[in-house]
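Fold and contact review
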Amino acid sequence: MVFASLTFLYLFLPLNLLLYFASKKIQWRNGVLICFSLIFYAWGEPVWIFMLLFASAADYLFARAIDGSQGTPLAKVALAGSLVMNLGMLVFFKYTGFLVENLNQLTGLRLPVPEIALPIGISFYVFQSLSYILDVYRGTVGAQTCYPYHLMYIMSFHQLVAGPIVRYSDVAREIRHRVSTPGEIQAGLTRFLTGLVKKVVVANHAGSLAAQFLDGNLAQLSTPGAWFGLILFTIQIYYDFSGYSDMAIGLGLCCGFHYLENFNYPYISRSVTQFWRRWHISLSSFFRDYVYIPLGGNRRHQIFNLAVVWMLTGLWHGASWNFLLWGLYYGVLLVVEKLFLGKALAKLPVLSNLYLLLVVTIGWGIFYFTDLGRLGQFMTVLFGGGGPVESTLRLTFFNNLFWLVGAIFFCMPVVPAFQRLLRRAGPAVQAAAGWGQIVLNVGMLAVSTLLLVGQSYNPFLYFRF
């Protein structure tokens, strides 16, 4: 099940909220969330729910063992057991086919390449569980003593299948004690609907247009067409993933959970370093805290540490060589910025943003094409080796110009700026704005519903991770 679906919007979510708020005790509310999370995950692939339940139960026991034996060999054994189980699941389901295929190419063997279905959201919930286990081992949090509450933390449907990756320390108190105020419920619904519009109105349309230029015969693609398609994908992936994060954060807020931000207007960044502090923040902070810093961070072997982190970041996104290249591409850029380019960029604010937009857009080209042959062909077209300009390019551009300007405009922090102005306004203006927001929410839901009824193109890019 996905958030941007009529089933979720008009059946699952209303029933969930009705039963949740009808329950008065926190234990009952947690029970409602657990039951609905199980239904949500099992909706499309019921077989994988058993693996998720097994893994969560095992990590619950591992964490209890670590917490009860800090500083002893038993704690290290329990930590190793959790790491082997979680990383083993991730490698088996996500990378087995990739490893066998490359082994065949290197050795000339003809081993059968297994076709293993990837459980939805495995990269997200494995990393979430690992962050919890590692924090318990470090002693920064205590182990959860109630298994149902541990289960709810791991598989809350708000962020189960596509993040953000939630640290246990950020929600530990709210698992047992939280209050949903009317103001936060309204703010949560507004945040959810904003994310829904991002996904349905912008990301889906950008993706369908991008596919017209990027998925066809690249030999017939022009250089302007390649750039236009790539810019559309740059818009799609931001609105798709940040929209899903908005929806997850909004749903959590409705229920009293305060998940941390996962996107902070990354396209206004002035360096790659800054970009990765604003894009998919929960993943970047995971690799920083659990890989980069333990390896030595900035203190020793910095370049090696960056190479390891960005190789893993690329592989996390998929079992394909293009993702590895994409990760190393950013690793090289970050090293160059740390060595000398960063100081120059700091003195050139406008040019630094243009530089960032250029390298990120090119990076999304590496990300898009999993076939290295098509990737090489596309890059040739992108940098001047294209054919004649498509007859449809001008028409597509001008037919979507107003939408395109709006999409680019809202990549900038105009909404927070408007909200700051409202907070400084008088009570009458704030009251009018409150009623206006309710009307806007109804409009966002209506527009999204109409588009979902008529759209056949409704993918979610990060489901495959």
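The present account deals with the structure reproduced in this document. (Residues numbered from 1 in each chain as written. Predicted model: local features only at pLDDT ≥ 70, side-chain atom pairs only at ≥ 80, totals over all residues. Heavy atoms only, no water.)

**Re the side chain of Ser-222**
Within the secondary structure, Ser-222 sits in the loop between helix 8 (182–214) and helix 9 (223–254). Taking relative accessible area as the criterion, Ser-222 reaches 0% and is therefore assigned buried. Here the side chain of Ser-222 touches Gly-225 through a polar contact of 3.0 Å, landing on its backbone nitrogen. At 2.5 Å, the side chain of Ser-222 and the side chain of Glu-390 are in polar contact. When neighbours within four sequence positions are excluded, Ser-222 is seen to be in contact with Val-381, Gly-386, Gly-387, Pro-388, Val-389 and Glu-390. (Helix = DSSP H or I, 4+ residues; strand = E, 2+ residues; numbered from the N terminus. Buried < 20%, exposed > 50% of the residue type's maximum accessible area, 1.4 Å probe, protein only. Polar contact = N/O pair within 3.5 Å; in protein donor to acceptor, adjacent residues only side chain to side chain. Contact = heavy atoms within 4.5 Å.)

**Digging into the packing of helix 1 (residues 6–22) against helix 8**
Close contact between helix 1 and helix 8 brings their axes to 15 Å; oriented N to C, the two are set at 165°. When the axes of helix 1 and helix 8 are compared, the pair comes out roughly antiparallel. Where helix 1 crosses over helix 8, the handedness of that crossing is right-handed. Facing Phe-8, Leu-9, Leu-13 and Phe-21 of helix 1, the residues of helix 8 in contact are Ile-185, Phe-192 and Leu-196. Here the residues of the contact of helix 1 with helix 8 sort into seven nonpolar, no polar and no charged. (Axes fitted to C-alpha atoms, helices over the stretch in contact; angles between N-to-C directions. Parallel < 35°, antiparallel > 145°, perpendicular 65-115°, else oblique. Left-handed = near helix turned anticlockwise from the far one by under 90°. Nonpolar A, V, L, I, M, F, W, Y, C, P; charged D, E, K, R; others polar.)

**Side note on the nonpolar core**
Counting residues in each nonpolar core, the largest one holds 137 residues, and the members touching the most others are Phe-3, Phe-8, Phe-127, Tyr-330 and Trp-364. Among the elements that take part in this core, helix 9 stands out by supplying 15 residues, more than any other. Discounting residues that sit within four places of it in the chain, Tyr-330 has contacts with Val-272, Phe-275, Trp-276, Trp-310, Val-359 and Val-360. (Core = buried A, V, L, I, M, F, W, Y, C linked by side-chain atoms within 4.5 Å.)

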